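A structural walkthrough
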Amino acid sequence: MSGKKISTTSGIEIKEVYTQPSSMHELPGEFPYTRGIQKDMYRGKPWTMRQYAGFSTAEESNKRYHYLLSQGTMGLSVAFDLPTQIGYDSDHELAEGEVGKVGVAIDSLKDIETLFDGIRLADITTSMTINATAPVLLAMYIALAKKQGADLKQLSGTVQNDILKEYAARGTYIYPPGPSMRLITDVFEYCSKEVPKWNTISISGYHIREAGSTAVQELAFTLANGKTYLKAALEKGLDINVFAKRLSFFFNCHNNFFEEIAKFRAARRMWAHITKELGATDPGAQKLRFHTQTGGSTLTAQQPMNNIVRISNQALAAVLGGTQSLHTNGYDEAISLPTEIAAQLALRTQQIIAFESGVTDTVDPLAGSYFVEELTNEMEKAAQIYIDKIDAMGGAVKAIEQDYIQQEIAASAYQYQREIENGEKILVGVNRFKQEEQPQANVFRVDDSIRIHQMEKIARLKAERNSNLVNNCLLQLNNAARGTDNLMPFLLEAVENYATLGEIADSLRNVFGEY
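So, how was this worked out
Residues numbered from 1 in each chain as written. Predicted model: local features only at pLDDT ≥ 70, side-chain atom pairs only at ≥ 80, totals over all residues. Heavy atoms only, no water. Helix = DSSP H or I, 4+ residues; strand = E, 2+ residues; numbered from the N terminus. Rg over C-alpha atoms; globule rule 2.2 N^0.38 Å. Buried < 20%, exposed > 50% of the residue type's maximum accessible area, 1.4 Å probe, protein only. 1 Å grid on protein atoms, 1.4 Å probe; cavity = no way out; pocket = protein on both sides within 12 Å on 5 of 7 lines; lining within 4 Å. Points joined across faces, edges and corners; volume = space filled by probe spheres on them. Salt bridge = Lys/Arg side-chain N within 4 Å of Asp/Glu carboxyl O. Nonpolar A, V, L, I, M, F, W, Y, C, P; charged D, E, K, R; others polar. Phe/Tyr/Trp six-rings, centres within 6.5 Å; stacked < 30°, edge-to-face > 60°. Lys NZ or Arg CZ within 6 Å of the ring centre and 35° of its normal.

So, the overall build of the protein chain
Within the protein chain, the regular secondary structure consists of 20 helices and eleven strands. Here the C-alpha atoms of the protein chain give a radius of gyration of 23 Å, agreeing with the 24 Å that 2.2 N^0.38 yields for 515 residues. Referenced to the eigenvectors of the C-alpha coordinate spread, the extents of the protein chain come out at roughly 80 × 60 × 45 Å. Burial statistics for the protein chain: of 515 residues in total, 57% are counted as buried.

With respect to empty space enclosed by the protein
Summed over all chains, the structure comprises six cavities of 30 Å³ or more. Size it by volume and the largest cavity reaches roughly 90 Å³. As for the largest cavity, its lining consists of 13 residues, of which Tyr 42, Val 319, Leu 320, Asp 364 and Pro 365 are closest to the centre. Taken as a whole, the second largest cavity holds about 60 Å³ of empty space. Counting residues per element, the lining of the second largest cavity draws most heavily on helix H6 (residues 177-194), which supplies three residues.

A few points about the pattern of salt bridges
Under the counting rule described, the total for this entry stands at 26 salt bridges. One salt bridge connects Lys 236 with Asp 186, and the closest N-O pair in it is separated by 2.9 Å. Taken together, the positions of Lys 236 in the loop between helix H8 (215-235) and helix H9 (240-243) and Asp 186 in helix H6 put the pair 50 residues apart, joining distant regions of the chain. Residue Asp 186 is classed as buried on the basis of its relative accessible area of 1%. As a salt-bridge pair, Glu 260 and Lys 263 come within 2.7 Å of each other at their nearest N and O atoms. On the criterion of helical spacing, the pair formed by Glu 260 and Lys 263 is a turn pair, its members being three residues apart in helix H10 (residues 257-277). The pair formed by Glu 260 and Lys 263 is uniform in burial state, with each residue classed as buried.

Details of the layout of surface pockets
Of the volumes computed, that of the second largest pocket is approximately 1,200 Å³. Contributing to the lining of the second largest pocket are 41 residues, with Thr 9, Tyr 416, Glu 419, Ile 420 and Lys 425 lying nearest its centre. For the lining of the second largest pocket, the elements supplying multiple residues, two or more each, are helix H7 (206-210), H8, helix H12 (306-320) and helix H16 (404-421). Per-element tally for the lining of the second largest pocket: the top contributor is H16, with seven residues. Residues of the lining of the second largest pocket, tallied by class, amount to 14 nonpolar, 20 polar and seven charged.

A short note on the packing of aromatic side chains
Under the counting rule described, the total for this entry stands at 19 aromatic pairs. Their ring planes at 80° and their centres at 6.1 Å tell us that Phe 31 and Tyr 33 sit as a pair that is edge-to-face. Overall, Phe 31 belongs to the partly exposed group, its relative accessible area being 30%. The buried category is assigned to Tyr 33, whose relative accessible area is 4%. Cluster of aromatic residues (ring-pair linked, three or more members): Phe 249, Phe 251, Phe 264, Trp 271 and Phe 290. Positioned over the ring face of Tyr 498 is Lys 110, at 5.2 Å from the centre of the ring.

Shown next, in the form of structure tokens:
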């Protein structure tokens, strides 16, 4: 024995050799779904290959969507700019310098109509990474689907709608936790009746991990948030066997190959038990379905071509872990928004894994590995310790209000950075194997003139629309927010009459306040 202690990124010690097989009698597609939620997994059909895209204006993003669809993308994932995420129109003073930068600028239904011009919503699935303003963007999407004549009962996609991780890790919240949870459960209730195939929340560990958590913390805090959403919906009187089927998860995938695979397997098993304990009897309500994105924070600006290898490694781990959909980052994203060639290569990475590698030929091919089985158990144990602590505090909202989750993530991020700086952790091209860097020739930047373009569109919209109708819609929304009615019908009517995102968010700010 070498005597050297080696651990995963979460601090779980890795033995030199594993000889004791765990008692594995589970089968794929059967409770608790450790081995996958379908009996045949990718033998039946491959995961959905998504590419996360959205930048500049709706016109420019629409061109990228048509390009990605032509290259074999099976679903779209929409990135929104910061003003859209926090409920400001592009002409708001706080939007200056941010319009169209980290995603597409959406100010009204007009922009959504342009964003999906020439794309039938009935024929695709769309994932929208949006949280505080998620009900508004979902209302716009539904409004466009109605205009296209789509059957809303068949409309499918996902809205992230996970506000708890915003308070804990990301920061794009608007309203206090109470009203935010109301908006989320309003979406659950409305969609269960009107848009039953829509995934009403994507409970996100991705941003928790990007903020610096370990893999175990990502697993624990994400499932703790999921538990809180389940309980909030139950308190509203919703049937867990109905609404839990429309919950999905969004995980990160980092570089530690086997730890990531074990994380995904443990997540399925833990969620199956959580839902069962809260009353779910329908197998569909016990299954954890998840989207994966490769780790943005793992990408380096130094020697960016190395990121191609990192992304491939992470994508393979996600597939071996049993993901339902996958986005692979562009290798140049540590420098700029992904260029077209980087986006294409990211998609080709998934296609090569799916159609050339052979890893999809059997279900859960790593099952029975002494190491993978034991690591899955260890990940579950370590995550359960966190969940028990959060439960003792009164749940995720209380843990966030007490700053517990934020402090745990911050401590992990600090520890990781120290290990990079003192050389304990090797980052190829950053703290080892360095070389003189040549500046990147092909860098994608968004021009600040985008804001002027958006401001002109807003001015035209306000001149053309029926202002009396808009004002009446906003007044009705305001009154409904003061009561207990489901807000989704009021939001839908407001967007259909071309109220802007900022006007709607302000109307709710007047009632709920800002956090």
